[in-house]
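Fold and contact review
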Amino acid sequence: MEFEKYDFTPITQSIHQALLESTTPLLTLIIEWTIIGVLYLLFVAVFGLFLVYAERKVCAAFQQRLGPMRVGPWGLLQTIADFIKLLMKELIQPKSVDSFLYNLAPFVVIIVPFLTISVIPFAPGLQALDFDIGIFFVTAVSSVGVIGVLLAGWASNNKYSLIGGMRSGAQIVSYELSVGLSLITMVILAGTMQISEIVLLQREGWFLFKGHIPAVIAFLVFIVAGTAETNRGPFDLAEAESELTAGFHTEYSGIKFAFFFLAEYINLFIVSAMAVIVFLGGWMPFHIGGWDGFNAIMDFIPGLVWFFMKVLGIIFLIMWFKWTFPRLRVDQILTLEWKYLLPINLFNILLMAFLVLMGWHW
Amino acid sequence: MGPQHPSTHGVLRLLVKLEGEIVHNVQPHIGYIHSGIEKMTESLSYTQIPHLTDRMDYLSAHMNNEAVSLCVENALQVEIPDRVKYIRTIMAELQRIASHQLWWCATGMDLGALTTFFYGLRDREDILDIFEETCGARLTVNYSLPGGLMFDIHPNFQRKVKEFIKKFKKKLPEYDQLLTGNVIFQERSKGVGILSKEDAIAFGVTGPTGRASGFSCDVRKHHPYSAYPLVKFNEALGTEGDTFRRYQLRIAEMWESMAIIEQLIDNIPEGDYSAKMKGVIKLPEGEYYQRVESARGEFGVFIVSDGKKNPYRVKFRSPGFSNLFTINHIAKGWKIADLVAIMATFDLVIPDIDR
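Bear in mind that the values here come from a model prediction, so they are computed numbers and not experimental data. (Residues numbered from 1 in each chain as written. Chains lettered and ligands numbered in written order. Predicted model: local features only at pLDDT ≥ 70, side-chain atom pairs only at ≥ 80, totals over all residues. Heavy atoms only, no water.)

All names here are of chain B. Interaxial distance between helix α4 (residues 82-110) and helix α14 (residues 336-346) falls to 9 Å at its minimum, and their mutual angle equals 180 degrees. Considered as vectors, α4 and α14 are oriented roughly antiparallel to each other. Seen from α4, the contacting residues are W103, T107 and D110; seen from α14, they are V340, A344 and T345. Its residues assigned to classes, the contact of α4 with α14 comprises three nonpolar, two polar and one charged. (Axes fitted to C-alpha atoms, helices over the stretch in contact; angles between N-to-C directions. Helix = DSSP H or I, 4+ residues; strand = E, 2+ residues; numbered from the N terminus. Parallel < 35°, antiparallel > 145°, perpendicular 65-115°, else oblique. Contact = heavy atoms within 4.5 Å. Nonpolar A, V, L, I, M, F, W, Y, C, P; charged D, E, K, R; others polar.)

Another point: a nonpolar patch on the surface. All names here are of chain A. Taken together, L66, M69, W74, L76, L77, I80, F83, I84, L87 and M88 make up a surface patch of nonpolar side chains, about 1000 Å² in accessible area. On the secondary structure map, F83 appears in helix α3 (residues 78-88). The class of F83 is partly exposed, set by a relative accessible area of 33%. (Patch = residues over 30% accessible without salt bridge, like charges linked within 9 Å, V, L, I, M, F, W, Y side chains within 5 Å. Areas by Shrake-Rupley, 256 points an atom, 1.4 Å probe, with all protein chains shown as cover. Salt bridge = Lys/Arg side-chain N within 4 Å of Asp/Glu carboxyl O. Buried < 20%, exposed > 50% of the residue type's maximum accessible area, 1.4 Å probe, protein only.)

Taken together, the 31 residues of chain B in the interface contact 23 residues of chain A. Interface area, chain B with chain A, both sides summed: about 2300 Å², of which 56% is carbon and sulfur. In this structure, the connection of chain B to chain A is made through two salt bridges. Counting across the chain B and chain A interface gives seven residue pairs in polar contact (both at pLDDT 80 or more). Of the residues in the side of chain B that touches chain A, the class split is 18 nonpolar, six polar and seven charged. (Buried area = accessible area lost by both parts, 1.4 Å probe. Polar contact = N/O pair within 3.5 Å; in protein donor to acceptor, adjacent residues only side chain to side chain.)

A word on the pattern of salt bridges. All names here are of chain B. For the structure on display, the rule yields 33 salt bridges over all chains. Among the salt bridges present, the one from E73 reaches R88, with a minimum N-O distance of 2.8 Å. Taken together, the residues span a long stretch of sequence, with E73 in helix α3 (residues 61-76) and R88 in helix α4 at a distance of 15 residues. Here E73 and R88 have matching classes, each one buried.

Below, the discussion takes up the nonpolar core. Membership of the largest hydrophobic core comes to 80 residues, with the highest contact counts inside it found for B:L94, B:W104 and B:F157. Looking at this core, the elements that each hand over two or more residues are α3, α4, α5 (115-135), α6 (157-180), α11 (243-265), β5 (286-294), β6 (297-305) and β7 (313-317) of chain B. Excluding anything up to four places from it in sequence, B:L94 contacts B:I127, B:I130, B:F131, B:F157, B:V161, B:F164 and B:I261. One finds A:C59, A:F207, A:L268 and A:I315 within the second-largest nonpolar core, a separate group that totals 76 residues. (Core = buried A, V, L, I, M, F, W, Y, C linked by side-chain atoms within 4.5 Å.)

What follows deals with the environment of A:N295. Residue and element names in this part refer to chain A. With respect to the helices, strands and loops of the structure, N295 is situated in helix α13 (residues 292-298). Overall, N295 belongs to the buried group, its relative accessible area being 5%. With 48 residues separating them in the primary sequence, N295 and G247 have C-alpha atoms 48 Å apart. In this structure N295 touches F286, H287 and I288, once residues within four positions along its chain are discounted.

What follows deals with the side chain of A:T79. Mapping A:T79 onto the fold places it in helix α3. Beyond its immediate chain neighbours, meaning those up to four positions away, A:T79 contacts A:L49, A:V52 and A:Y53.

Residue and element names in this part refer to chain B. Although it is not a glycine, Q77 sits at a positive phi angle of roughly 55 degrees. Its location among the elements puts Q77 in the loop between α3 and α4. Unusually for a residue other than glycine, S226 sits at a positive phi of about 45 degrees. Residue placement: S226 occurs in the loop between α10 (219-222) and α11. Overall, the relative accessible area of 15% leaves S226 in the buried class.

By secondary structure assignment, the location of B:L15 is in strand β1 (residues 13-19). Classification of B:L15 as partly exposed rests on a relative accessible area of 41%.

Tracing the backbone shows A:T116 in helix α4 (residues 99-117). Within the structure, A:T116 has its side chain in polar contact with the backbone oxygen of A:V112 (distance 2.6 Å).

Looking now at the pairing of β6(B). Residue and element names in this part refer to chain B. Counted residue by residue, β6 has eight buried out of nine residues, so it is predominantly covered. Judged from the nine bridges that link them, β5 and β6 form a sheet pairing that is antiparallel. Note on β6: the bridge partner recorded for E293 is E298. Connecting β5 to the antiparallel partner β6 that follows it, the hairpin turn spans two residues. Inspection of the sheet shows β6 paired to β7 by five bridges, in the antiparallel sense. Along β7, the bridge assignment pairs I303 with V314. (Pairing = 2+ DSSP bridges.)

Another aspect to go through is helix α5 (residues 134-142) of chain A. All names here are of chain A. Among the residues making up α5, those that are buried are G134, I135, F137, V138, V141 and S142. Around the axis of α5, the buried residues are gathered within 160 degrees of arc, so they sit on the same side. Against the buried residues of α5 lie α4, α6 (145-155), α7 (159-190), α8 (195-201), α10 (212-229) and α12 (254-279). (Arc of directions from axis to C-beta.)

A separate point is the sheet that holds β5(B). Residues and elements named next belong to chain B. Read across the open sheet, the three strands follow the order β5-β6-β7; overall the sheet is antiparallel. The sheet terminates laterally at β5 and β7, the two strands that pair on one side only. Ignoring strand direction, the axes of neighbouring strands in this sheet form an average angle of 15 degrees. Contacts from α3 reach β5, β6 and β7 within the one sheet, and its direction differs from that of β5 by about 145 degrees.

A word on the packing of aromatic side chains. Residues and elements named next belong to chain B. Applying the stated criterion across every chain, the model contains 40 aromatic pairs over all chains. Ring geometry for F164 and F168: centres 5.4 Å apart, planes at 15 degrees, overall stacked. Residue F164 and its partner F168 are located together in helix α6, separated by four residues, close to a single helical turn. Across this residue pair, the class does not change: F164 and F168 are buried. Both rings, one in F299 and one in F316, keep their centres 5.8 Å apart while their planes meet at 20 degrees; by these two values the pair is stacked. Placement of the pair is F299 in strand β6 and F316 in strand β7, with a sequence separation of 17 residues. (Phe/Tyr/Trp six-rings, centres within 6.5 Å; stacked < 30°, edge-to-face > 60°.)

Right, dumping it as structure tokens:
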């Protein structure tokens, strides 16, 4: 296929070979780990800042105003200025909080996106970890974040924070199920859990179009449940500002608050990236099986660009929800999950399994 | 909750007893705004009182001023020019639309739809511009005085009001598109916080809040004043008394207000903008009461005069006060989120409650 001309594997392999020739294998491993770690840190920081900027601009567009305009051209440096301000803020810790858990919570929350991001393929050959159980790893790891939120809510010694923590506990644990089940539906279709394999399987057409009705249902469920899992509106109950002032992170200031904030945005990226990988072909250009000329034109756009175009599209969709919908009530959120999404999902899995059994899926 | 809680819209403190998320008891604590307007008016002359009343319910400032003006005029039995009546009514209806616009955006915000806030403020700006041109102030308009008006209307007034009506008729359906039709909003508001008609009457709930429960209490209909006897309009009434009906009713009221303004704006009679009044007004001894329909309900002014140049005692009957104290009755058993929604549709303005 043509898209291999933008493959990153030769570059990464040549770096690997050069390191192996000049140092010992152990040192090579350590150096590679460090490089990848630093790159991911940089990516998270820069993309997190970009997402904050994007959210403010999108929100401004919906609200018929301009958004940040003062710092830098078109306000581009606004988030950087905000970040510096957050870094310099005093870390205020209320008196009788559970100090250890209070300080631990932001780190637990921020660890999750770093773990999950490691299996995301940005472009062909640009993926840090390629497990054969990639999807399983994502679902397993992403459920850790709720512990951080619960810890923050519990340890803050504040009633609003406690309610916020408990709410998001109930909410994230519930929606985790829907996210997991809709991913499983697609795993049944793909027949593999390896993320790179799933992306490659979509070279003839994205799963959303190839998977018939069950894939469309799974996609819709995934978008709803994914929005809920990132604690964003209309499911932002954990931090419902009109009810709980700020919810679980009320008592956090400065960089600790920034951790929660950053984690939310990187989770937003991860949910969108997973939706893109599983349903919209990841970095795979838009291909239609059999149309070779059309496919060749599509291949001129690099995989990295395709990936980010799709991810930003999904992110825009999720932001759109947030800035137009009112907030649900806590019991309505649980009703939606347990009475609607979960049964639909279970039925959908059966439907997909039937489809695959009958061999109608390709 | 409060006094600095974001959804109490001012310094209102609610002592809420919760079991988990469920509200068991709500006790409003007022008194954080140390204004004491009723007491202050006792040392002011009758022409000075309107300068304070628009600071109570600052979202229906004109109606408050109008109430004091009408009360003094009735006490003195002064015949005021028709022009004043027309302009006062138009101003009051503009003020009502502006108030409902702000209420609408705050309601959306309380339910988590922040975008509504900007839609409402965008349209409210036009009315505030008209106010600014007419009397120099945007919020505490202070336009109506005993005997008439402070100034005559600006030459642009009629044109601008008509432009606004034309524009807002296109913008108001947007409100429905953004919030009313939203399935989440309907889930959040339908059947929530029901106030029965009997309770509404017993608690003295007036205005849109009372009318949503089926209590026909529109002062403009039942005790017409200014130019209201001359116009045709419907009293928006509901029966459900839930949060959604209270919401819908205020949207309907905005349409009615526009209809009232349309009937009056082209027919403002020529004449003086004020009746001939003495420099120092002295009310004859006695007790006087005047009610008007403010944006939140029946606003009443009770003046006891001992014949001097300042009142012996002034009491304001503010709608928000009666409305607020039903909250324990109807929010019991609902969740915190519903408490916020119910408070939002009560359209509370704290200085109106806490005089």
